[in-house]
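Geometric and topological summary
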Protein chains: 2
Amino acid sequence: MRDVAKHAGVSVSTVSHVINETRHVSTDTRQRVLGAMDALNYQPNRLARSLRVKKTQTIGMIVPDSSNPFFSEIARHIEDYCFEQGYSVILCNSDGDLDKELFYANVLVEKQVDGILFVAVGLSEDNILKLNAQRIPIMLVDRQIPNLPLDSVLADNRRGGWLATQHLIEHGHKRIGCITGFSDLTPSSERVIGYHQALEEHNLGIDETLILQGDFHLQSGYDRANQLLDMNQPPTAIFCGNDLMAIGAMRAAGGRGLRIPDDIAIVGFDDIPIAQFTNPPLTSITQPLKKLGRLSSQLLIERIQKKDLDVAQHMLEVDLAIRQSS
Amino acid sequence: MRDVAKHAGVSVSTVSHVINETRHVSTDTRQRVLGAMDALNYQPNRLARSLRVKKTQTIGMIVPDSSNPFFSEIARHIEDYCFEQGYSVILCNSDGDLDKELFYANVLVEKQVDGILFVAVGLSEDNILKLNAQRIPIMLVDRQIPNLPLDSVLADNRRGGWLATQHLIEHGHKRIGCITGFSDLTPSSERVIGYHQALEEHNLGIDETLILQGDFHLQSGYDRANQLLDMNQPPTAIFCGNDLMAIGAMRAAGGRGLRIPDDIAIVGFDDIPIAQFTNPPLTSITQPLKKLGRLSSQLLIERIQKKDLDVAQHMLEVDLAIRQSS
DNA sequence: TAAGAAATCGATTGCGCAATCGTTTTCTTA
DNA sequence: TAAGAAAACGATTGCGCAATCGATTTCTTA
């Protein structure tokens, strides 16, 4: 910058003002400065700028696994919105590991990010509150912490579980298996609660042996479905905690020569893009992934820019996308 | 840091040395400093540190679309390795848009990232060389620029195309459709070249009407496959430029009541995780995605740390994973 | 015990920039 | 044409830190 100033015969101040358009500069000098910048191939150092203005135009995003289509879809929309707003995003994968989540959060804070998006993290309330106390804007995505003064955006998972199960019941299914995700994650447990509710409303007893825990990955859907189908009295339908496990389950059925939905109906959750293209196409619960990603980053950025905003918890509606797997 | 120093009754220098373990400090003072850091809840400011040491421990990663399983898988492995090495990664989605790629590259440079990973970017040689001239370490992933002094890691796409086509020929197919990706991307065009070569080696003429261009997404696989199957003399097998399009193609076949592989054989490319769980499981060309991600980030970080390294282009082997779709 | 060696610590500078508090020049208008 | 208003620019400081150069204190050992 000093070089540019010298080359243009002005002060550093003026160069700064030309760059940031922060006060009027005569056309003549501005041209000279711009010319010097060009001639010297000057690249502003945003690091120094950030140190000075205490803003990095960077946000951190912690997700369990960015290679999981559900998260990668959300992450994509988040990145999109941030780009539009002039923010960069630092990607952090936690694998659901609490230590890793905490470690990442600290790195982000030390790197002076302007805000952090926690997507489905399991961090304890204590830790989250500690972070919040650092006065760094925080946004919880797909995670619920009741009665806490924190912004959050999540989908109505309970209703999703209910919708899926209700749908299967309406089609005459009475023994409905359920492959859950990790029970300590609210979205996952909420889906199971919805499943319970629907069964109870129809006076169908809950058979605990029909509820198996998976890990949201393809393989576990495959394995758990095989377990269910190996039972003496196998279920006639399976509600899976997410689409990935549902796809695994469909393969398990396919591998046994079972026909979907005639022999076994399958319903997923998330409605990831691929759900429309499985054989047969997968009935699933549509989460507004785009809205989830965009709204959360939008709210975070708003909070960054205007500090005095009311805390709000946003619950997004889910929907049942009926396809041929049920 | 000044506060910590004051609280511990030492100089800022000593605090710095305690933090970075950059020179010996007596156990007593170290304890006092650590105590002060704890008492004051001190968080080092990595921004200031970076400004001083001219290293940000951050790398930029530009990918076309991080919600595409192929890229998200690579990106995940990149992030993993970088985490292990103490680097953060800034995620950039270019959508294959050259302007966006260039814009992102500039932002990354201004943010003083220590290096940039270009995953399948289409940036002109000029632009890439210009960036390289800025003395910022660059790594090309899944992109080839022959005769240029740049590090790169990519898979043997041509051989992959050959393997897939050869496999279909061996199974007696003579009319083999091909759904390509964008022809201006080397990985895509190389795959088609492999397809050509295999056909020629077996003296099977090349019917240009059997070669359709897609865009690497599910929908285009579905659409192009339907086009092929609508032909008077439809192909008996389809080689798809990537798994996503292959899954779209499988759905197109399924939608018509065609049986895979009896009525139509399908082969994909990439071997994304889901390929093992389609119905039937998808034959595909395995790219060493993990190796691709890890090796590229490893090499980049090595280049960052030791500047005098020979430039190298790494070509990774691909493999044919035979499953039931062919 | 003296004097050099080793251990331990501090004052200060500058990384590249934005912004505060100025100064100087040019324009108005009576 | 003088004097105030407005326009245009500059010197300097400090953001938080690492690192250089240096000072002081505490061992050693003959």
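Everything discussed here concerns the structure shown above.
The structure reproduced in this document is the subject of the present report. (Residues numbered from 1 in each chain as written. Chains lettered and ligands numbered in written order. Predicted model: local features only at pLDDT ≥ 70, side-chain atom pairs only at ≥ 80, totals over all residues. Heavy atoms only, no water.)

What follows deals with the relation of the copies chain A and chain B. Overlay of chain A on chain B (RMSD 0.1 Å): rotation 180°, translation along the axis 0.0 Å. A rotation of that kind, with that shift, is consistent with a two-fold axis. Considering only C-alpha atoms, the residue of chain A closest to the rotation axis is A:I90, which sits at 2.2 Å. The share of interface residues of chain A whose copies in chain B are also at the interface is 100%, consistent with both copies meeting through the same surface. (Least-squares fit on C-alpha atoms with pLDDT ≥ 70 in both. Contact = heavy atoms within 4.5 Å.)

This part is about the pattern of salt bridges. With the rule as written, the count across this model stands at 30 salt bridges over all chains. Its salt-bridge partner being A:D28, residue A:R32 comes within 3.2 Å of it at the nearest N-O pair. Here the residue A:R32 and the residue A:D28 both occupy positions in helix 3 (residues 27-39), the gap between them amounting to four residues, near one helical turn. One salt bridge in this structure joins B:R159 and B:E317, with 3.9 Å as the shortest N-O distance. Placement of B:R159 in helix 8 (residues 157-170) and of B:E317 in the loop between strand 11 (313-316) and strand 12 (319-321) is noted, with a sequence separation of 158 residues between them. One continuous salt-bridge network, built from bridges that share partners, spans A:D65, A:D95, A:K100, B:R76 and B:D80. (Salt bridge = Lys/Arg side-chain N within 4 Å of Asp/Glu carboxyl O. Helix = DSSP H or I, 4+ residues; strand = E, 2+ residues; numbered from the N terminus.)

Looking down a regular strand, the side chains alternate between one sheet face and the other. Among the six residues that make up strand 2 (residues 88-93) of chain A, six are buried, leaving the element largely enclosed by the rest of the structure. Neither face of strand 2 of chain A is left uncovered, since the one carrying A:S88, A:I90 and A:C92 and the one carrying A:V89, A:L91 and A:N93 both have all their residues buried. Tracing the backbone out of strand 1 (residues 58-63) of chain A, into helix 5 (residues 69-84) of chain A and back to the parallel element strand 2 of chain A gives a crossover that is right-handed. Bridge count for strand 2 of chain A against strand 2 (residues 88-93) of chain B is three bridges, and the pairing is antiparallel. Paired with A:L91 across the strands is B:V89, a residue of strand 2 of chain B. (Buried < 20%, exposed > 50% of the residue type's maximum accessible area, 1.4 Å probe, protein only. Right-handed = clockwise from strand over helix to strand, strands pointing away. Pairing = 2+ DSSP bridges.)

Time to look at the interface of chain A and chain B. Chain A puts 59 residues into the contact, and the matching count from chain B is 59 residues. Buried area between chain A and chain B, both sides added, is near 5,000 Å², and the carbon and sulfur share of it is 56%. Of all residues in chain A, A:L47, A:R76 and A:F277 give up the largest surface area on contact with chain B, accounting jointly for 15% of the area buried on that side. The interface formed by chain A and chain B includes six salt bridges. Among the ionic pairs, A:D95 bridges to B:R76, the shortest N-O distance being 2.2 Å. Along the contact surface separating chain A from chain B lie 24 residue pairs in polar contact (both at pLDDT 80 or more). Of all elements in the fold, only helix 4 (46-53), strand 1, helix 5, strand 2, helix 6 (98-110), helix 10 (218-229) and helix 11 (243-255) of chain A reach the threshold of two or more residues within the side of chain A that touches chain B. Examining the composition of the side of chain A that touches chain B, we find that seven residues originate from one element, helix 6 of chain A, more than from any other. (Buried area = accessible area lost by both parts, 1.4 Å probe. Polar contact = N/O pair within 3.5 Å; in protein donor to acceptor, adjacent residues only side chain to side chain.)

Attention now moves to the side chain of B:Q287. Residues and elements named next belong to chain B. Along the chain, the position of Q287 falls in the loop between strand 10 (284-286) and helix 12 (289-305). Within the structure, the side chain of Q287 is placed 2.9 Å from the side chain of D270, a separation counted as a polar contact. If sequence neighbours within four positions are ignored, Q287 has contacts with F70, A155, N157, R191, F269, D270 and L292.

This part is about empty space enclosed by the protein. By the definition in use, this model includes four cavities of 30 Å³ or more. The volume enclosed by the largest cavity comes to roughly 130 Å³. Around the largest cavity sit 13 residues that line it, and A:F277, A:T278, A:N279, B:T278 and B:N279 are the ones nearest its centre. Secondary structure elements with two or more residues in the lining of the largest cavity: helix 11 of chain A together with helix 11 (243-255) of chain B. A per-element tally of the lining of the largest cavity places helix 11 of chain B first, with three residues. Of the residues assigned to the lining of the largest cavity, the class counts are eight nonpolar, four polar and one charged. Roughly 60 Å³ of internal volume is contained in the second largest cavity. In terms of lining, the second largest cavity is formed by A:S66, A:S72, A:A75, A:L91, B:S66, B:S72, B:A75 and B:L91. For the lining of the second largest cavity, the elements supplying multiple residues, two or more each, are helix 5 of chain A together with helix 5 (69-84) of chain B. Within the lining of the second largest cavity, the residues separate by chemical class into four nonpolar, four polar and no charged. (1 Å grid on protein atoms, 1.4 Å probe; cavity = no way out; pocket = protein on both sides within 12 Å on 5 of 7 lines; lining within 4 Å. Points joined across faces, edges and corners; volume = space filled by probe spheres on them. Nonpolar A, V, L, I, M, F, W, Y, C, P; charged D, E, K, R; others polar.)

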